[in-house]
Amino acid sequence: MKRKKGQFTSSKVNPKGRESGSTSLNGTPNDSQLENSCTHCDTSSKSKPMLRNGSAPTSPTTSCNVCELTWANKMMQTKTTVHPEKRIGHVPGVDVGQQFGTRAEIVATGLHGNWSSGIDCMSTSYANMDKYKSYTYPLAVSMVLSWQYEDVADNGYDVVYSSQGGSNLKGNLRGGYLALKNNVDQHVPVRLIRSHISKERDKKCTSGFTVFKFGLKRLEGQPPLTINQATYYEGHIPKSIAELRGLVCEDITGGQEAIPIPATNLIDDPPVPPTGYRYVKSNEVAENVKIPIRVSRCGCEGTCTDPSICSCAKLNGADFPYVRTGGGRLVEAKSVVYECGLKCGCKDSCVNRTSQQGIKYRLEVFRTPKKGWAVRSWDFIPAGSFICEYAGKLMRTKDIDNTIENNYIFDIDCLQTMNGLEGRERRIEESPSPVRPHIKTNVKKLEPEYCVDAGPIGNVGRFINHSCDPNLFVQCVLSSHLNIKLARVMLFAAENIPPLQELACDYGYPVGSVLDADGNVKEMACHCGASICRGRLF
Ligand SMILES: C[S@@+](CC[C@H](N)C(=O)[O-])C[C@H]1O[C@@H](n2cnc3c(N)ncnc32)[C@H](O)[C@@H]1O
């Protein structure tokens, strides 16, 4: 991810931005929240929330959902959709992972021929065509997962789709469900369209009724979906831990964090919780590491508000690194952020102590099919928000046992970044994070003196995976002392992050930079799924 200084919000289209009620960093509403009117029926967006801006930059038109669907209906009736004839499998011109703004668009492109129904089927009339005559009908060609039912589960690779109501009183399947059964029996693929709903609707509860469950698997060879293209899981934000499927641990922190962090596993059989480490909320310091004590303090009382008075603000270059909106958000990535320290007179709630205030979003650790454990949030996270520390054992890099494979070591590397040994800008090009996981590399540079080993002990940060298009970035923070070699490693949101999106940062290894014990280049495949994925972690 190329992040311009001072600009966290991604230039990417965020399909959920409007739905999440996002605001800009200074707290003003985004354009999408301002009032406008449908160009066709003149209804205001205030009365029709589904109003949508024209997708082409040259087209200022705005249409409401009702008008869009009316036009889609007309296109279907007059057979003027792009592919009026239903087809099995790939629709020419539509790529896997393509995103649409409305149901009308998926109808107009011929991807899904029925905007009011979740399953689009071919009826027996298709048996008259030579290429389709050998099938038993109805056959499903596409389905929209609308997350209305409690029994839908989706991990991005496999989907379990189930619903009641697909049978007559005798229990025989009918309609779309009969079609899906015919697909299963005849090995006919079905296109899957994931929908995002703007507000949590009342879920239709299937408990106590006979339900039909269909397991869907992605066809081999399809491009991976990015975390921005699909919201995995059940598609709805859990209200409590009790709602979670595959719950393997109610709180991996054992009560240490203010908000419990549950772990779920829908992948392994039997499902297992994360093991092999002890949870610690903050760094434990190795015996041979001495943490200096900061003597300087700002003279503020209560809370720091005036940057011309606060000496901690001055360390940051004449202003506070955080703005108050949303409980403290980092304005821009810095070599080092200086927060208020132990001796400062301000309260714990001072904005210049944002990263000291702990985890404030509801996080969940979940099992992925190819990357082990991962982390996501149930809450919308605004750009610049503090997520968590990367905590573990703070130790000397030279004391790392290189004979044991350890994927959880981060070098504290801000010294080089600050001194410009490799050059901040050049460094960002090669490796966007000022702190990177420790592995013997063939890139000639001074070994950082200290590292955080989150292998045997660590916090939730140890479960955060790498992405080539990350939504988090690593920030060195100093508060209780001013030794940059021992800075704390903090993770912040690089963009507005919708709920349930995996949280990931760029580990920052140049490809080909990691060597094995014999000096040969080591490779690890990257499964981040980003459209700009480099293919390898290193
Ligand atoms: C700090 S750990 C992250 C948490 C880890 N997934 C776990 O299960 O504990 C780093 C390790 O996670 C895996 N990992 C992280 N990001 C990955 C990615 N994009 N693709 C493949 N594996 C990844 C690799 O095994 C890596 O060495």
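Fair warning: this is a prediction, and the values are worked out from it, not measured in the lab.

Asker: Any chance you could explain the nonpolar core here in plain terms?
Answerer: For soluble globular proteins, nonpolar side chains are generally found buried alongside one another. Judged by nonpolar contacts, the single largest core of 55 residues is most densely connected at Val365 and Val460. The greatest single-element share of this core, amounting to four residues, is contributed by strand 25 (residues 472-478). Setting aside residues no more than four positions away along its own chain, Val460 makes contact with Ile261, Tyr279, Ile359, Leu363, Val365, Val375 and Cys388. Grouped together as the second largest cluster of nonpolar side chains are 13 residues, Ile119, Ala140, Met143 and Tyr177 included.

Asker: Would you explain the packing of aromatic side chains in this entry?
Answerer: A complete count under the given rule lists eight aromatic pairs for this structure. With a centroid separation of 6.1 Å and an interplanar angle of 25 degrees, the aromatic rings of Phe473 and Phe492 are classed as stacked. One end of the pair, Phe473, is in strand 25; the other, Phe492, is in strand 26 (residues 488-493), with 19 residues separating them in the sequence. Through successive ring pairs, a cluster of aromatic residues spans Tyr322, Phe386, Phe473 and Phe492.

Asker: Help me out: how do you make sense of the pattern of salt bridges in this one?
Answerer: Pairing is possible between side chains that carry opposite charge, provided their charged atoms lie close to one another. Inspection of every chain in the model, using the stated rule, returns 16 salt bridges. Residue Arg488 pairs with Glu389 through a salt bridge whose shortest N-O separation is 2.7 Å. Here Glu389 lies in strand 18 (residues 386-389) and Arg488 lies in strand 26, a separation of 99 residues in the sequence. Taking the relative accessible area as the measure of exposure, Glu389 reaches 6% and is therefore buried. The partner of Glu523 in a salt bridge is Arg536, and the shortest N-O contact between them spans 3.4 Å. Here Arg536 lies in the segment after strand 27 (502-505) and Glu523 lies in the segment after strand 27, a separation of 13 residues in the sequence. By relative accessible area, which is 57% here, Glu523 ends up exposed. Put simply, Arg396, Glu449 and Lys485 are held in one network by salt bridges that share partners.

Asker: Looking at this structure, I do not really get the side chain of Asn459. What am I missing?
Answerer: Mapped onto the elements, Asn459 comes out in the loop between strand 23 (457-458) and strand 24 (465-466). One polar contact links the side chain of Asn459 to the main-chain carbonyl oxygen of Glu389, over a distance of 2.8 Å. Within the structure, the side chain of Asn459 is placed 3.1 Å from the backbone nitrogen of Ala391, a separation counted as a polar contact. With residues up to four places along the chain from it excluded, the contact list for Asn459 reads Tyr279, Val280, Lys281, Cys388, Glu389, Tyr390 and Ala391.

Asker: Where do I start with the site of the ligand in this structure?
Answerer: Taken together, 17 residues lie around the ligand, and Lys371, Trp373, Tyr408, Asn465 and His527 are the ones closest in. Trp373 is positioned with one of its backbone polar atoms (N or O) 2.7 Å from an oxygen atom of the ligand. Residue His527 places a main-chain N or O atom 2.9 Å away from a nitrogen atom belonging to the ligand. If the ligand stood free it would expose 560 Å²; the protein chains cover 90% of that surface. Residue composition of the shell around the ligand, grouped by class: ten nonpolar, five polar and two charged.

Asker: So what exactly am I meant to see when it comes to the environment of Pro456 here?
Answerer: In this structure, Pro456 sits in the loop between strand 22 (450-453) and strand 23. Residue classification places Pro456 among the partly exposed positions, given a relative accessible area of 47%. The spatial distance from the C-alpha of Pro456 to the C-alpha of Tyr408 is 8.8 Å, given a sequence separation of 48 residues. Residue contacts for Pro456: discarding those within four places in its chain leaves Gly276, Tyr277 and Arg278.

Asker: Please clarify how the sheet that holds strand 3 (residues 119-122) should be interpreted in this entry.
Answerer: Read across the open sheet, the three strands follow the order 3-4-7; overall the sheet is mixed. Edge positions in the sheet fall to strand 3 and strand 7 (191-194), since each has one partner strand and no second. The average angle at which neighbouring strand axes cross in this sheet is 15 degrees, direction not considered. The pairing of strand 3 with strand 4 (residues 139-145) spans four bridges and is antiparallel. Its bridge partner lying in strand 4, Asp120 is registered against Ser142. Its contacts with the sheet place helix 3 (residues 175-186) against strand 3 and strand 4, and it is angled at close to 115 degrees to strand 4.

Asker: Please clarify how the pairing of strand 22 should be interpreted in this entry.
Answerer: Successive side chains on a regular strand alternate, one facing one side of the sheet and the next facing the other. Across the two faces of strand 22 the burial is the same, with Tyr450 and Val452 and Cys451 and Asp453 all buried. Pairing of strand 20 (residues 409-411) with strand 22, which is carried by three bridges, proceeds in the antiparallel orientation. Its bridge partner being in strand 22, Ile409 is matched across the sheet by Asp453.

Cut-offs used in this document
Within any chain, residue numbers begin from 1 and follow the written order of that chain's sequence. Under the rules for a predicted model, residues below a pLDDT of 70 receive no local features and side-chain atom pairs below 80 are neither given nor counted, while totals for whole chains, interfaces and linings still include all residues. Side-chain metrics in this entry use all non-hydrogen atoms of the structure; hydrogen atoms and water are not considered. Put simply, buried Ala, Val, Leu, Ile, Met, Phe, Trp, Tyr and Cys residues joined by side-chain atoms within 4.5 Å make one nonpolar core. To sort residues, take the accessible area from a 1.4 Å probe on protein chains only and compare it with the maximum for the residue type: under 20% means buried, over 50% means exposed, and anything in between is partly exposed. Helix and strand assignments follow DSSP, with helices taken as H or I runs no shorter than four residues and strands as E runs no shorter than two, numbered in order from the N terminus. The criterion used for residue contact is that any of the two residues' heavy atoms lie within 4.5 Å. Geometry of aromatic contacts follows a simple scheme: Phe, Tyr and Trp rings, the Trp one being its six-membered ring, pair when their centres are within 6.5 Å, and the pair is stacked under 30 degrees between planes, edge-to-face over 60, tilted otherwise. Each salt bridge in this description consists of a side-chain nitrogen of Lys or Arg and a carboxyl oxygen of Asp or Glu lying within 4 Å of one another. Polar contacts, as counted here, are pairs of nitrogen or oxygen atoms within 3.5 Å of one another; within protein the pair requires one atom able to donate a hydrogen and one able to accept it, and residues that are adjacent in sequence qualify only if both atoms are side-chain atoms. Any residue with a heavy atom lying within 4 Å of a molecule or strand is counted as near it. Only the protein chains shown count as cover for residues, and all accessible areas are computed by the Shrake-Rupley method using a 1.4 Å probe. Nonpolar residues are Ala, Val, Leu, Ile, Met, Phe, Trp, Tyr, Cys and Pro. Charged residues are Asp, Glu, Lys and Arg, and all others, Gly as well, are polar. At least two DSSP bridges between two strands are required for those strands to pair. Lines are fitted to the C-alpha atoms to define the axes, a helix being fitted only along its stretch in contact, and any angle between axes, read from their N-to-C directions, falls within 0 to 180 degrees.

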